[in-house]
Each structure stands twice: as C-alpha cells, then as structure tokens.
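Understanding the architecture of this molecule
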Amino acid sequence: MKKVITYGTYDLFHEGHLRLLERARGLGDYLIVGVTSDNFDRERGKLNVKDSLAARIEAVRATGFADEIIVEEYLGQKLSDVIRFGVSVFAIGSDWKGKFDYLSKHCEVVYLERTKGISSTGLREEGAKLLRLGIVSDSQDDGDVGAETDFVSGLEISGVYVPAISGGLAGLGKGDMAAAGAFCAKYDLAAAFGTADELFAGSDVVYIHTRRRHRFFFAAAALRHGCHVICDFPLNKPEEAAGICGLVKEKGLVFADCVPLAYLRTFQQLIWLLQGGAIGQVLSVECAMPTHGSFRDAEALAAFAVTRILGTENAGVRRLCVCTRERYDRVVFSYPDAVASCSASGSKWLKPGMTVLGSDGRVNVPGAWWNMSYFKMRTGSEDDLRRYSFNIEGPGLRYLLSEVTQMIAERRGESIALSHEEAQKLVYLLEQGDLL
Ligand code: CTP
C-alpha cells in the first residue's frame, strides 16, 4: 500500500486546502493528514489561528480524503512520522518548495502547486479591519513593538510621536520632531507625528512607552481620543490605575498593561504546577534581574511574578536600596507563611534567574526569567529532575499584541492574561513599599 502524508493548519478551511488534499490522496492509496496543534502553532509564531484544533480536524475529516488524521505537535515530528508510518510520499504545497528535501532520503517528496488567490491569512484579514498601532516614546527605543508587530496579522505600525518634555512635564503639543525623525529612521517607520492628537487620529491602538510618571497622562489622553491602549507597566499611582479602569469602561475601549511574561505559556504552566502543589507549599521566591533602565519597572515585573505565585492577599512590601558606585535594590515581599525577594542592579555581576522553594521541591528558572521558555523542577530526591520548555522566539510581546487584536475584535476591555484588577492591586502593593 502506497502511503502519502501531508501537513497543515487548515484554519478557516478553504478551497486551496481541499484541492491540495484531493491531489495528495491521488498520489497513493492511503492519505495521512497531520493537523498542527494550537501549541505548536503558537510556538512557531503562527498567531491568530481562528479555528480550534477540533474544528480544523473536523474540517479535514469532512472532505473524505483523509484515511487517517494525526496531530502535529513538535518540530522534527515529520521525519519521525515518515519513518513510523512507513510513508512513501510526502506531499505539501509549493509555498514550502525545497524546505522538506531532507525527507527524500526516506520517501518521495512532492511539492504541489498552491491554489492561487486564497489563503487562511487572507480570509482572517478579510472583513477584519487592519489596526494601526501608534507609538508614544520618550526615548529612541520602541520596546520591540515594531519587530513583534510583523508576527501579528491585522496589525501595522502607523508611526511615532516623541513628546517634548519640558520641566519634567509632559504635554500633548508639538513633539520633538528631530527625535521622532531619528526614531523613524532607526525603525523604518513611515510617519513622525507632530502632536499627540495627530498620532491618535492616525492610530487605532496606541503603545505608551515612556517613563512611568508620564504613562497615565498619555494613556488617558489616547483613551479620551477613542484609541485602544497598550501601556508599559506599571502606572505610577493607584489613583491612575483606577482612573484608567473608569475610562476604559466609559469609552468601551481596550487597555492592556504591557507585561509579556503574563502571556508566556512556560510561565502559565509554572503557575499551574505550583498551584497544583507540585513542590508542596511555596516557602520562598527569589529572583534577580540586571537592569540598566528603571528599577521600579523591574521591581513591578518581579511583583507580578511573585504575586502570581503567592497572591496579593496579606502581602507586605519593603524596598531596600544600596546606592554606591553601582546601585543595588532589593524588594522583599513578606507573607504569613512565605517570603519573596527580587534583586535588581546595573552590576554585571548580578546573575539573572528565579528560584521557587517549596516544602517538597524546588523550581529553577535559569537566566532571563521574565522571558522564560524553560524551567527545571526538582521534587523528592535530587535526581528527580523534570524540565519544562516551550519554544518562544523574541521577547514574547507578539503574544500580547495578538491578544490585544482579539480583545478589540471581541470588544473585551481587559485581557485574559492580566486583569485590570490584578494590575491595580500591584500598583497599590508597590506603593506600600514607597510609604515605608
Ligand atoms: N495550500 C494550497 N493552496 C492554498 C493555500 C494552502 O495548496 N491557496 C496548501 C499549503 O501549501 C499546505 C496546505 O494547503 O500544503 C495547508 O496549508 P495551511 O498553511 O494550513 O494554509 P494557508 O492558507 O497557507 O494558511 P496561512 O495563510 O495561515 O499560512
């Protein structure tokens, strides 16, 4: 029996898919179709897939061309499947030409002409309005939003506004055009907006990437103008967080705190495991974060991670600071039954990482925990080591941007990954540390 295998996402099943399956089936006697899992698509950066895995499998099944349907879950699976199933022909659309030649040692590789004029991407974008993302930045840094937007369908950068800050006060008026021009040249952007109002008028979503004390000012102005907002985390004061919540509700708009960590699958799994008691009762969380920017922003991120693990109830905060040649900050979070701390410093000797100690085990996140793709868990004996990993590329911001496009499409004011209430509680908590 001549077995043929083919793979795809098959989102919003269309004629191109049907024609491909029909021709693939015609190449042999038995067709195996691999449908990508949701996780695999997210890992390889294919975001905004609309149909669930079950719906996509059902669409393939309904064609009647597939004799067997399998799920494609990881990179490298194709070769393993070809050997495992004794496949004679590997067939795929011509958009992949040359990419799977390595399989020809094991089977015939056929690239089938792609049906012209139709694609899942096209269908996803059809009807869905293209969203323009404007940046407000007070530095020559775009917070990676430019590069990350390329991975999110339906989103494009409209341009930048660089406010002219005088006497520490932000205004919406004429911006720093020289700085905006340099910003556009650096990131290859089309428009340097002269005023904040011009940026708001030319954007559907505004990304506020400024010093903490100016975030609320620009976020509130953008919301009042009718723009959705993504804002660097945290806001400066609890009243500001409350004010934003009110505005979002009043205007029916979307506001997302920019905490990419909240959207990372690895972090989510870490939290699920800890909540399920995988290392017993959590006794301590320790993390370290080298920083050359704002210490408070670094601490806010640590506070987010710590409170996801230990909660916001009954938490006390204390900030310790050593300011010699190199600044070193430590924020200590105290709980009735646990303690957590985060060290932040510009010193090159501070090693990034996170350790969670439990009554029955330990978790280590080596390196940049705020961008985690990997962690190790030890329970029982020292030899009992498990590794958990998910491939992510980039700083994780694309997952946040993708969620924002979904929130806008669904008219959902707040994110599933980080609610306004949680963000607001964190701002309150951090202020406690200031008052001590
Ligand atoms: N395919 C095709 N003709 C099209 C679209 C897809 O022959 N017009 C083929 C692809 O080459 C692949 C299979 O159908 O072999 C599944 O493709 P998939 O990536 O799921 O569909 P696309 O429409 O290409 O999806 P996207 O736009 O998200 O990349």
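Everything discussed here concerns the structure shown above.
First, a word on scope: everything that follows refers to the structure included in this document.

The rules we used
Residues numbered from 1 in each chain as written. Predicted model: local features only at pLDDT ≥ 70, side-chain atom pairs only at ≥ 80, totals over all residues. Heavy atoms only, no water. Helix = DSSP H or I, 4+ residues; strand = E, 2+ residues; numbered from the N terminus. Expected span 1.5 Å × (residues − 1). Buried < 20%, exposed > 50% of the residue type's maximum accessible area, 1.4 Å probe, protein only. Near = heavy atom within 4 Å. Polar contact = N/O pair within 3.5 Å; in protein donor to acceptor, adjacent residues only side chain to side chain. Nonpolar A, V, L, I, M, F, W, Y, C, P; charged D, E, K, R; others polar. Phe/Tyr/Trp six-rings, centres within 6.5 Å; stacked < 30°, edge-to-face > 60°. Lys NZ or Arg CZ within 6 Å of the ring centre and 35° of its normal.

This part covers helix H12 (residues 295–310). Relative to the 22 Å expected for 16 residues at 1.5 Å per residue, H12 spans 22 Å between its end C-alpha atoms, a close match to the ideal helical length. In terms of burial, H12 is a largely internal element, 14 of the 16 residues being buried. A positive backbone phi angle near 90 degrees is found at glycine 311, which sits one or two residues after H12.

Turning our attention to the site of the ligand. The local shell around the ligand holds 18 residues, among which Asp95, Thr115, Ile118, Ser120 and Thr121 are the closest. Contacts to the ligand include glycine 93, whose backbone N or O atom sits 3.0 Å from an oxygen atom. When residues of the shell around the ligand are traced back to their parent elements, those giving at least two are helix H1 (15–26), strand E4 (89–93) and helix H5 (120–125). Residue composition of the shell around the ligand, by class: four nonpolar, ten polar and four charged.

To continue, consider the packing of aromatic side chains. The geometry of an aromatic ring pair comes down to the distance between the two centres and the angle between the two planes. Under the defined criterion, the tally for this structure stands at eleven aromatic pairs. Here tryptophan 96 and phenylalanine 100 contribute two aromatic rings whose centre-to-centre distance is 5.7 Å and whose plane-to-plane angle is 50 degrees, an arrangement assigned as tilted. Plain terms: the ring middles of phenylalanine 100 and tyrosine 102 are 6.2 Å apart, the flat faces sit at 50 degrees to each other, and that makes the pair tilted. Lying across the ring of phenylalanine 295, arginine 327 places its NZ or CZ 4.0 Å from the centre.

The subject of this paragraph is unusual backbone geometry. A cis amide bond links phenylalanine 233 to the next residue, proline 234, at an omega of 0 degrees. As for its position among the elements, proline 234 is in the loop between strand E9 (228–232) and helix H10 (238–251). Positive phi, normally seen in glycine, also occurs at tyrosine 10, with a value near 55 degrees. Mapped onto the elements of the fold, tyrosine 10 is located in the loop between strand E1 (3–8) and H1. The phi angle at arginine 411 is positive, at roughly 50 degrees, despite the residue not being glycine. Within the secondary structure, arginine 411 sits in the loop between helix H13 (397–410) and helix H14 (420–435).

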